[in-house]
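Overview (structure and organization)
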Amino acid sequence: MKNKKNNLTTLDQFMDKHYGKRGTPKRDEFDAGYEIFKIGALLHEARLAKGLTQEELADKVGTTKSYISKIENDVKEVRLSTLQKIVTIGLGGQVQLSIRL
């Protein structure tokens, strides 16, 4: 439903219209893909905030520039243990995980 005052559609309204309500197969598939994309985007932002190149980060954690690039660009999924290593050793941070039911 559009807000009549300023004729805007909320993100939730847009998602419901184009991908279905939460809990439907199409929406669940989209949401899962978004979470993977979000991890790569967060890593990219954190790496830039630390002033590191992909190659420098890869060297710190013992992987390749190509692998870091693939994670950041949503080409490759990252294992939780690898993500934790990248964040803690490479970026000096910590991974926080939550589960919502």
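Conventions used here
Residues numbered from 1 in each chain as written. Predicted model: local features only at pLDDT ≥ 70, side-chain atom pairs only at ≥ 80, totals over all residues. Heavy atoms only, no water. Helix = DSSP H or I, 4+ residues; strand = E, 2+ residues; numbered from the N terminus. Contact = heavy atoms within 4.5 Å. Areas by Shrake-Rupley, 256 points an atom, 1.4 Å probe, with all protein chains shown as cover. Buried < 20%, exposed > 50% of the residue type's maximum accessible area, 1.4 Å probe, protein only. Axes fitted to C-alpha atoms, helices over the stretch in contact; angles between N-to-C directions. Parallel < 35°, antiparallel > 145°, perpendicular 65-115°, else oblique. Left-handed = near helix turned anticlockwise from the far one by under 90°. Nonpolar A, V, L, I, M, F, W, Y, C, P; charged D, E, K, R; others polar. Arc of directions from axis to C-beta. Salt bridge = Lys/Arg side-chain N within 4 Å of Asp/Glu carboxyl O. Polar contact = N/O pair within 3.5 Å; in protein donor to acceptor, adjacent residues only side chain to side chain.

1. A word on the overall build of the chain
When you go through the chain residue by residue, the secondary structure sums to five helices and zero strands. When the elements of the chain are put in sequence order from the N terminus, they spell out α-α-α-α-α. Of the contacts formed within the chain by residues at least 6 apart in sequence, a portion of 39% connects residues at least 24 apart. For the chain, the computed accessible surface area is about 7900 Å², with 55% contributed by carbon and sulfur atoms.

2. A look at the environment of Val87
Within the secondary structure, Val87 sits in helix 5 (residues 80–90). A relative accessible area of 12% means that Val87 is categorised as buried. Separated by 30 residues in the primary sequence, Val87 and Leu57 have C-alpha atoms spaced 9.6 Å apart. Excluding its chain neighbours within four sequence positions, the residues that come into contact with Val87 are Leu43, Gly92, Gly93, Gln94 and Val95.

3. Observations regarding the packing of helix 3 (residues 54–61) against helix 4 (residues 65–72)
Helix 4 packs onto helix 3 with a crossing angle of 110° between their chain directions and a minimal axis gap of 8 Å. Viewed along their axes, helix 3 and helix 4 adopt a mutual orientation that is roughly perpendicular. Where helix 3 crosses over helix 4, the two elements pack in a sense that is right-handed. For the pair helix 3 and helix 4, the contacting residues are Gln54, Glu55, Leu57 and Ala58 in the first and Lys65, Ile68, Ser69 and Glu72 in the second. Class assignment for the residues of the contact of helix 3 with helix 4 results in three nonpolar, two polar and three charged.

4. Brief notes about the environment of Leu42
One can find Leu42 in helix 2 (residues 25–49). Assessed through its relative accessible area of 51%, Leu42 is described here as exposed.

5. Let's talk about helix 3
By the burial criterion, the buried members of helix 3 are Gln54, Leu57, Ala58 and Val61. End-on view of helix 3: buried residues confined to an arc of 100°, all on one side of the axis.

6. Some details on the pattern of salt bridges
The final tally for this structure, using the stated rule, is three salt bridges. Notably, a salt bridge pairs Arg47 with Glu72, separated by 2.6 Å at the nearest N-O pair. Note that Arg47 is positioned in helix 2 and Glu72 in helix 4, a separation of 25 residues in sequence. Across the pair, exposure class does not vary: Arg47 and Glu72 are buried alike. The network of salt bridges with common partners includes Asp16, Lys21 and Arg27.

7. A look at the side chain of Arg27
As for its placement among the helices and strands, Arg27 is situated in helix 2. Side-chain polar atoms of Arg27 contact the backbone oxygen of Gly20, separated by 2.8 Å. Residue contacts for Arg27: discarding those within four places in its chain leaves Asp12, Met15, Asp16, Tyr19, Gly20, Lys21 and Arg22.

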